[in-house]
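A look at the structure
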Amino acid sequence: MPDVKHFDPDAALDTAMRLFWRQGAASTGVQDVVAATGLSRSSLYATFGGKQELYRAALERYAHGRSQLLLGPLEEDGRGLPAVHAFFARLIDTRCTGEFARWGCMVSNAHAGAENADPAVRAVLERQHRRLRTALHTALLAARRNGQLADDADPETAADVLALLAHGVNLRSRAGADPGRLRATVTAAITALTGGG
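Structural notes, computed from the coordinates. (Residues numbered from 1 in each chain as written. Predicted model: local features only at pLDDT ≥ 70, side-chain atom pairs only at ≥ 80, totals over all residues. Heavy atoms only, no water.)

Our next topic: the pattern of salt bridges. A full pass over the atoms with the stated rule returns 11 salt bridges. A salt bridge links Arg-18 to Glu-99, with the nearest nitrogen and oxygen atoms 2.9 Å apart. Residue Arg-18 is located in helix α1 (residues 9-23), and its partner Glu-99 is located in the loop between α6 (81-96) and α7 (106-111); the two are separated by 81 residues in the primary sequence. It is possible to trace a salt-bridge network through shared partners that takes in Asp-10, Asp-14, Arg-18, Arg-61 and Glu-99. (Salt bridge = Lys/Arg side-chain N within 4 Å of Asp/Glu carboxyl O. Helix = DSSP H or I, 4+ residues; strand = E, 2+ residues; numbered from the N terminus.)

Rendered as structure tokens:
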């Protein structure tokens, strides 16, 4: 008789994702996932494989779900610099307040952790970084068309700088950085693009 799953794999993966996101891959063991989900090790292994496979699945879940909440509006907003300001405001608010305050970003956390030694994990990180950078670059091109950038501002380089700044916000917020300081830093970086810095 075939083995019938008596649990919701989607809910279990969401729980695992939250553990890996909050605690990091190195600090989260299979026993932590077992305790949080109430599942047996054998059920977890049969459904997801080992810890590394479970982590990869959790990272993909985060990339497709949580990241969309922040990047989706930026990708769809054609206002130029106001769109960039709005993205960073959402980012800082998400990272510094509410249920997920001081969790950082699971993708940025993985950039800084040993889990990026896995080529499959690095591929997810690279894909997400390209998505972030492309969204920022598109917004900066709109800013150029709208006359919002200084003449010598290069959208290519600025997109790289702002993408790195977003990762910095994620990591600093995890360490408890003051949101006001983060906002001031972001404002200074964006103002420099207008020639007003």
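Here the focus is the packing of helix α4 (residues 51-64) against helix α5 (residues 66-76). Direction vectors running N to C along α4 and α5 enclose 30°, while the axes themselves pass 4 Å from each other. Overall, the two elements α4 and α5 adopt an arrangement that is roughly parallel. On the side of α4, the interface is formed by Arg-61, Tyr-62, Ala-63 and His-64, while α5 contributes Arg-66, Ser-67 and Gln-68. Considering only residue class, the contact of α4 with α5 consists of two nonpolar, three polar and two charged. (Axes fitted to C-alpha atoms, helices over the stretch in contact; angles between N-to-C directions. Parallel < 35°, antiparallel > 145°, perpendicular 65-115°, else oblique. Contact = heavy atoms within 4.5 Å. Nonpolar A, V, L, I, M, F, W, Y, C, P; charged D, E, K, R; others polar.)

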